[in-house]
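Here is what each chain is made of, one letter per residue.
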Amino acid sequence: MDQENKLVNEDDDIESDIGKDFERIYSRPLLIKRLNTTSQIAIVGANICPVESLDYEIAENEVFNQDWRSRKKIQIFQYVLLKWAFALIIGLGTGLVGIFNNIAVENIAGFKLLLTMELMLKHEYYKAFAAYAGCNLGLATAAAALCAFIAPAAAGSGIPEVKAYLNGVDAHSILAPSTLFVKIFGSILGVSAGFVVGKEGPMVHTGACIASLLGQGGSRKYHLTWKWLRYFKNDRDRRDLITCGAAAGVAAAFRAPVGGVLFALEEAASWWRSALLWRTFFTTAVVAIVLRAFIQLCSTGTCGLFGEGGLIMYDVSAAKVTYSFPDILAVILLGIIGGIFGSLYNYLVDKVLRTYSIINERGAAVKILLVITISLLTSICSYGLPWLAQCIPCPTDASASCPNTDVSGNYISFQCPPGHYNDLASLFLNTNDDAIRNLLSTSTVKEFHISSLLVFFGAVYCLGIITYGIAIPSGLFIPVILAGACYGRLVGRLFEPIAKLDVGLFALLGAASFLGGTMRMTVSLCVILLELTNDLLLLPLVMLVLLISKTMGDIFNKGVYDQIVKLKGLPYMEAHAEPYMKHLVSRDVVSGPLITFSGVEKVGNILHALRTTGHNGFPVIDEPPFSDAPELCGLVLRSHLLVLLKGKIFSRDRVLAGDEVLHRFAAFDFAKGGSGKVIKVEDLDIEEEDMDMYVDLHPITNASPYTVVETMSLAKAAVLFRQLGLRHMCVVPKSQGRPPIVGILTRHDFLPEHILGLYPHIRLRK
């Protein structure tokens, strides 16, 4: 992350001081062989890349202030209107991608399963396995190739990366067009390949990518230079759009518009306000309308094997919700089980990600080979384990045909004789959505043997863990819901003699408990599950099981997304300060020497600082004759300095430039571009005679940077830094007669690696 005004060799000094104690206290196995005490690199998707902070703070300099003063009411109206228009487009785009994903997965997976079942009916079992495993292998290899060669950042869920971006961390290609392309098609191929993964996490990332494309402020390359688009050439507005995109992704994946808003509020966003709530709600409402329209269209049979269905994915409202004291005991037990299994799941995902990180370093070919290995293992489990199950006679009162004549359903015959079905095959040889639908089916108490539920739970639990982290887009929601619904139904079977709740409702509560135990979300999960299942009467029990499972899981470790953010090395700032920060003050973590500029600075000095450091912000100090005594004028950004130097408004004497800068430049000239080309030091054409000339920095200096006194506790400064979404925080002296600035705090200074590096004993005083 930014290391403004830090020694270039600071990392080596810290490392030598810390020694073995620091290695024991704080280590990052995911970044083995890549020394990273400053969090300048992180693992994004399946690749290592540098990360930067985002400028969420508005730089209130003279150029910016003049621009705001000159804006007319019509321009302000255009800006507000464009925000709502972009929210509409994000909703439309994400909704269309969501329906496309569903139709594509159902048709591709449906074709694969139909082919397998046809061969099974002819008793050509080896050919059936070859067809099933071959299709899975081809789809998996295609998904892995897309990730490995086109967009490594598209691997995995994407939620940790989006969460980090909304916290103020940017990395190359997180939200690039290539990442969007691979996320859409890689997710379709991966889910269709039979992996125990979901498309929900990738849909959140997809929505964020669509929003990011709209927030680029136009593109000269593609001739999108409409002047209205320039309003969004800043990180602050992009953050709002990406928050809307993340919410739209959840709404499209789960068909849960309100749940999407709450997910963005509870899990994704680090910064929120009421105006953003309205726009996010509007975006998810648009998604719901798009989904509804296309589902209505597909109900006529125009979408192939997608079939019929409404916005409710797993409708359990037909079951009667009545419960007594034994049911409450069962729900409490489910909450405890969910917390334990969830924390164990997170622990094992942690270990697998560490291992895969080392494997994925070896190149694209090894990434694809790992995907092929997991695909073969998944195919062997899905096709081989149903042979262990006994054939069950079809129920006489079955509402659906038994055995099934189509691809999906509760009763798949597999190798069984007519009039019988294989319960394990009904779970394994189905799409993940259909398997969940079967587990949540109501009024089918003995549809699945207890032994079959145990086998399926063990397989899904393990496959879900080893599949996450390979080079394909993969979500965690579906594996967790599958495993949770499985043990929930199992508990329902065990409590059947004394409980009143339907086993399908127990399966739903099991899914809720496992989600709470892994994700550690409460409100958003509760609403998403209710929107998924259309059963408001179950609300008290869902709330209870989520609270218990989250509390139980928190005893052991953090939520899975928080854990992955940490493992990837993304410098995420928590909402609360760590306890040891209370023992330190702001000046304790500031490093030097400090690099400052005068209000009117020599061009050569600025160029030397830009070339020799990677700092993104520099304090500007006014000295006599421009002030009576040295005083802090403000903070100037690296990107603004580059624009100013490229404009070559220099003078031979050390004098103020007056209004020349304001006449030559507009605020949009200093606006931050999107993922396209930005000015670099190498792009500057500074002649040798220019080096001794002067440039006035006052017009581009942020005259009102956030400052804290050096004696403010580090805990208080950290909370302030995070809540305001800052990139730089100036530390000023408490007493007079000293230099006007002590140093600058950046994200790097609040990270445990830096603090515990300076004070390795600090944890003892926790």
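In what follows, the structure referred to is the one given above.
Residues numbered from 1 in each chain as written. Predicted model: local features only at pLDDT ≥ 70, side-chain atom pairs only at ≥ 80, totals over all residues. Heavy atoms only, no water.

A cluster of nonpolar side chains, contributed by Trp-68, Ile-76, Val-80, Trp-84, Leu-88, Ile-89, Leu-92, Leu-277, Trp-278 and Phe-282, occupies part of the molecular surface with about 850 Å² of accessible area. Elements with a contribution of two residues or more to the nonpolar patch: helix 3 (73–121) and helix 10 (274–302). The element contributing the most residues to the nonpolar patch is helix 3, with six residues. Tracing the backbone through its elements, the reader meets Leu-277 in helix 10. (Patch = residues over 30% accessible without salt bridge, like charges linked within 9 Å, V, L, I, M, F, W, Y side chains within 5 Å. Areas by Shrake-Rupley, 256 points an atom, 1.4 Å probe, with all protein chains shown as cover. Salt bridge = Lys/Arg side-chain N within 4 Å of Asp/Glu carboxyl O. Helix = DSSP H or I, 4+ residues; strand = E, 2+ residues; numbered from the N terminus.)

On to the sheet that holds strand 9 (residues 631–637). Across a sheet, strands are paired by hydrogen bonds formed along the backbone, either parallel or antiparallel in direction. If you trace the three strands from one edge of the open sheet to the other, you get 6-8-9, paired in mixed fashion. Each of the sheet's edge strands pairs with one partner strand only, and the pair in question is strand 6 (597–598) and strand 9. Pairing geometry for strand 6 and strand 8 (residues 617–622), over two bridges, is parallel. Within the sheet, the bridge partner assigned to Ser-598 lies in strand 8 and is Ile-621. Of the strands in this sheet, strand 6, strand 8 and strand 9 are in contact with helix 22 (residues 638–647), which crosses strand 9 at around 80 degrees. (Pairing = 2+ DSSP bridges. Contact = heavy atoms within 4.5 Å. Axes fitted to C-alpha atoms, helices over the stretch in contact; angles between N-to-C directions.)

With that settled, the discussion passes to the side chain of Asp-350. When you line up the elements, Asp-350 lands in helix 11 (residues 325–360). Residues contacting Asp-350, with those up to four places away along its chain left out, are Gln-563 and Leu-567.

Right, let's get into the state of the cysteines. Should the sulfur atoms of two cysteines be covalently bonded, the bond is a disulfide. As enumerated under the stated definition, the model contains two disulfides in all. Through a disulfide, Cys-298 is tied to Cys-303; the S-S separation comes to 1.9 Å. Judged by the torsion about the S-S bond (-70 degrees), the Cys-298/Cys-303 disulfide is left-handed. Just as Cys-298 is buried, Cys-303 falls in that class too. Each disulfide pairs two cysteine sulfurs, and for Cys-391 the partner residue is Cys-416, the sulfurs being separated by 2.1 Å. Here the disulfide of Cys-391 and Cys-416 is left-handed, its torsion about the S-S bond being about -95 degrees. You can see Cys-391 sitting in the loop between helix 12 (364–384) and strand 4 (392–393) and its partner Cys-416 sitting in the loop between strand 4 and strand 5 (420–421), a full 25 residues away along the chain. For Cys-391, a relative accessible area of 29% gives the class partly exposed. (Disulfide = S-S within 2.5 Å. Buried < 20%, exposed > 50% of the residue type's maximum accessible area, 1.4 Å probe, protein only.)

Packing of helix 3 against helix 7 (residues 200–214) leaves a shortest axis separation of 9 Å and a crossing angle of 140 degrees. Judged by the twist between their axes, the crossing of helix 3 over helix 7 is right-handed. Across from Phe-86, Ile-89, Ile-90, Gly-93, Thr-94, Val-97, Gly-98 and Asn-101 in helix 3, the residues of helix 7 making contact are Met-203, Thr-206, Gly-207, Ile-210, Ala-211 and Leu-214. (Left-handed = near helix turned anticlockwise from the far one by under 90°.)

Next up on the list: a negative patch on the surface. Together, Asp-685, Glu-687, Glu-688, Glu-689 and Asp-692 make up a region of like negative charge exposed at the surface. One can find Glu-688 in the loop between helix 23 (660–664) and strand 10 (694–696). (Lys, Arg positive; Asp, Glu negative; His and termini not counted. Charge placed at Lys NZ, Arg CZ, Asp CG, Glu CD.)

Compared with the 26 Å implied by 1.5 Å per residue over 18 residues, the 25 Å span of helix 15 (residues 450–467) between its first and last C-alpha is a close match. What helix 15 keeps buried is the set Ser-452, Leu-453, Phe-456, Phe-457, Ala-459, Val-460, Tyr-461, Leu-463, Gly-464, Ile-465 and Thr-467. Packing partners of the buried residues in helix 15 comprise helix 11, helix 12, helix 13 (423–428), helix 14 (432–439), helix 16 (477–494) and helix 17 (503–519). Looking at the residues trailing helix 15, positive phi occurs at Gly-469, about 115 degrees. (Expected span 1.5 Å × (residues − 1).)

Taken as a whole, this structure holds 28 aromatic pairs when the rule is applied. On the numbers, 5.2 Å between centres and 50 degrees between planes, the contact of Phe-665 with Phe-670 is tilted. Each member of the pair, Phe-665 as well as Phe-670, carries the same accessibility label: buried. Through successive ring pairs, a cluster of aromatic residues spans Tyr-125, Phe-129, Tyr-132, Tyr-383, Trp-387 and Phe-414. Above the plane of the ring of Trp-68 lies Arg-71, whose end atom (NZ or CZ) is 4.6 Å from the centre. (Phe/Tyr/Trp six-rings, centres within 6.5 Å; stacked < 30°, edge-to-face > 60°. Lys NZ or Arg CZ within 6 Å of the ring centre and 35° of its normal.)

On to the pairing of strand 8. Both faces of the sheet carry side chains from a regular strand, because those side chains alternate between them. In terms of burial, strand 8 is largely enclosed, as six of its six residues are buried. On strand 8, burial covers both faces: Gly-617, Pro-619 and Ile-621 on one face and Phe-618, Val-620 and Asp-622 on the other are all buried. Relative to strand 9, strand 8 is paired through six bridges, and the arrangement is antiparallel. Looking across to strand 9, one finds that Ile-621 is bridged to Leu-632.

Right, let's get into the pattern of salt bridges. Taken as a whole, this structure holds 21 salt bridges when the rule is applied. A salt bridge links Asp-554 to Arg-520, with the shortest nitrogen-to-oxygen separation between them at 3.3 Å. Here the residue Asp-554 occupies a position in helix 19 (residues 539–556), and Arg-520 occupies one in the loop between helix 17 and helix 18 (523–533), the gap between them amounting to 34 residues. Of the residues examined, Asp-554 reaches a relative accessible area of 39% and is grouped as partly exposed.

Here the focus is the sheet that holds strand 13 (residues 743–745). If you walk across this open sheet you meet the three strands as 11-12-13, and the pairing is mixed. A strand with exactly one partner marks an edge of an open sheet, and here the two such strands are strand 11 (707–709) and strand 13. For this sheet, the mean angle separating the axes of adjacent strands, direction not counted, is 35 degrees. Inspection of the sheet shows strand 12 (residues 729–732) paired to strand 13 by three bridges, in the antiparallel sense. Pairing of Cys-730 across the sheet is with Ile-744, part of strand 13.

In this section: the packing of helix 11 against helix 20 (residues 560–567). The description of two packed helices rests on the angle between their axes and on the distance between the axes. One way to put it is that helix 11 packs onto helix 20 with a least axis distance of 10 Å and a crossing angle of 25 degrees. Here helix 11 is positioned roughly parallel relative to helix 20, judged by the angle of their axes. Between helix 11 and helix 20 lies a crossing whose hand is right-handed. Residues Asn-346, Tyr-347, Asp-350, Leu-353 and Arg-354 of helix 11 form the contact with helix 20, whose participating residues are Val-560, Gln-563, Ile-564 and Leu-567. Grouping the amino acids of the contact of helix 11 with helix 20 by side-chain chemistry returns five nonpolar, two polar and two charged. (Parallel < 35°, antiparallel > 145°, perpendicular 65-115°, else oblique. Nonpolar A, V, L, I, M, F, W, Y, C, P; charged D, E, K, R; others polar.)

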